[in-house]
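What follows is the residue order along each chain.
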Amino acid sequence: TIASDNVYDLESGIQNTIQPEVRASWKWINHPSEPDKLVHMTNKEAHVHTWDELLRPHALGAVERKSSTKLVSDTTSNTFLKGIAVCADSCKLAIEFSTSHGRQSTSHVFLLAAAALQEPVPETVESLPQFAKIAPRIEHIVGSLGRRLIFLDRKMWVCSFDLEDFKDEYSRHCFIPNEWLSASWDVKMKISGQGDLIFVKVAELSVIKRGLDMKEV
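Criteria and cut-off values
- Once a new chain begins, its residue numbering starts again from 1 and follows that chain's sequence as written.
- Per-residue local features of the predicted model are confined to residues with pLDDT of at least 70, and side-chain atom pairs are confined, for both listing and counting, to 80 or more; whole-chain, interface and lining totals are unaffected and use all residues.
- Calculation of side-chain values draws on the structure's entire complement of heavy atoms; hydrogens and water are dropped beforehand.
- Paired strands, in this sense, are two strands between which DSSP finds at least two bridges.
- Numbering of helices and strands runs from the N terminus; a helix is a DSSP stretch of H or I covering at least four residues, while a strand is a stretch of E covering at least two.
- Note on definitions: angles span 0 to 180 degrees between N-to-C directions of axes, and those axes are lines fitted to C-alpha atoms, for helices only across the stretch in contact.
- Only protein chains enter the calculation, and the probe is 1.4 Å; a residue is then buried if its accessible area is under 20% of its type maximum, exposed if over 50%, and partly exposed in between.
- Buried Ala, Val, Leu, Ile, Met, Phe, Trp, Tyr and Cys residues that are joined via side-chain atoms within 4.5 Å together make up what is termed a nonpolar core.
- It only takes one pair of heavy atoms within 4.5 Å for two residues to be counted as in contact.
- A carboxyl oxygen of Asp or Glu within 4 Å of a side-chain nitrogen of Lys or Arg is what we treat as a salt bridge.

Draft legend 1. How the structure looks around the sheet that holds strand β17 (residues 204-208). Strand order in the open sheet formed by 3 strands is β15-β16-β17, and the pairing between neighbours is antiparallel. The two strands at the open ends of the sheet, each matched to only one other strand, are β15 (189-191) and β17. Pairwise comparison of adjacent strand axes, ignoring direction, gives a mean angle of 20° for this sheet. Both strand β16 (residues 197-201) and β17 contribute to a ladder of 5 bridges, which runs antiparallel. Across the sheet, residue I198 finds its bridge partner in β17, namely V207.

Draft legend 2. Highlighting unusual backbone geometry. The peptide bond linking E119 to P120 adopts the cis configuration, its omega dihedral lying at -5°. In this structure, P120 sits in the loop between β9 (108-113) and β10 (124-126). Here D168, not a glycine, exhibits a phi torsion of approximately 65°, which is positive. Overall, D168 belongs to the partly exposed group, its relative accessible area being 46%. Residue R210 is not a glycine yet carries a positive backbone phi of 50°.

Draft legend 3. Looking closely at the nonpolar core. By size, the foremost hydrophobic cluster in this structure holds 19 residues, and its most contacted members are C87, A94, F131, I141, L149, F161 and L163. Of all the secondary-structure elements, those providing two or more residues to this core are β7 (80-87), β9, β11 (138-145), β12 (148-153) and β13 (157-162). Broken down by element, this core gets its largest block of residues, 3 residues, from β13. When near neighbours in sequence (up to four residues on either side) are disregarded, A94 contacts G83, I84, A85, C87, F110, L111, I141 and L149. Core analysis: the second largest hydrophobic core is formed by 17 residues, L71, I95, F97 and V125 among them.

Draft legend 4. Summary view of the sheet that holds β13. The sheet built from 4 strands is open, its strands ordered β11-β12-β13-β14 with antiparallel pairing. Whereas interior strands pair on both sides, the edge strands pair on one side only; in this sheet they are β11 and β14 (171-175). Each adjacent strand pair in this sheet contributes to an overall mean axis angle of 25°, direction not counted. Pairing analysis gives 6 bridges linking β11 to β12, with the strands arranged antiparallel. Looking across to β12, one finds that I138 is bridged to D153.

Draft legend 5. Representation of the pattern of salt bridges in the model. Tallied over the full model, the rule gives 9 salt bridges. Among the salt bridges present, the one from D165 reaches K167, with a minimum N-O distance of 3.8 Å. Taking the shortest distance from any N to any O, the salt bridge between D196 and K209 comes out at 3.2 Å. Taken as a pair, D196 in the loop between β15 and β16 and K209 in the segment after β17 lie far apart in primary sequence, 13 residues in all. On the accessibility criterion, K209 (60% relative accessible area) is exposed.

Keep in mind these numbers describe shape, not what the thing actually does.
Now the structure itself:
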């Protein structure tokens, strides 16, 4: 819930209810490089925890102030955390924000080096500057494949670029017709490990096989 989260240990049966500090939107993800840790991401901060910490009965706020970093961005109280994609073989995180809760259109993207979440966690962290020009063109992050970030641009093209060798340009692969989106522009799209693009609309499923093999000429 907005006020608390529940943690379960499936082996021991231990359960703990944790109460984070006030938050408007948040997500929990596995730490990209340390399997014994989790990251609690909000629209303003990232908090790193171990599983053992979360299963101890205590006030979570004390732990968060110990291992947390502020995201240096123009997010406000009206900015919501939309999604997080772990990319480039767990070396980077692509964090999406929207301007209203439940709205699918991405307002801006924060690209973070996963190393920033390793101890000692810095007090603040900024989005990687080399991606500043391309970030405003992203309508929706689809996912990642190897070193590539896959996204839908503002003109409804499926696009990608290399996160490790970015040269201020990206590839456009295929156009997505409006009929494939819901009336509220609710985007349900994924990329498979083989590069197939998968779209879901209500009870319909569309697949573009090897969609990233195509490139705009």
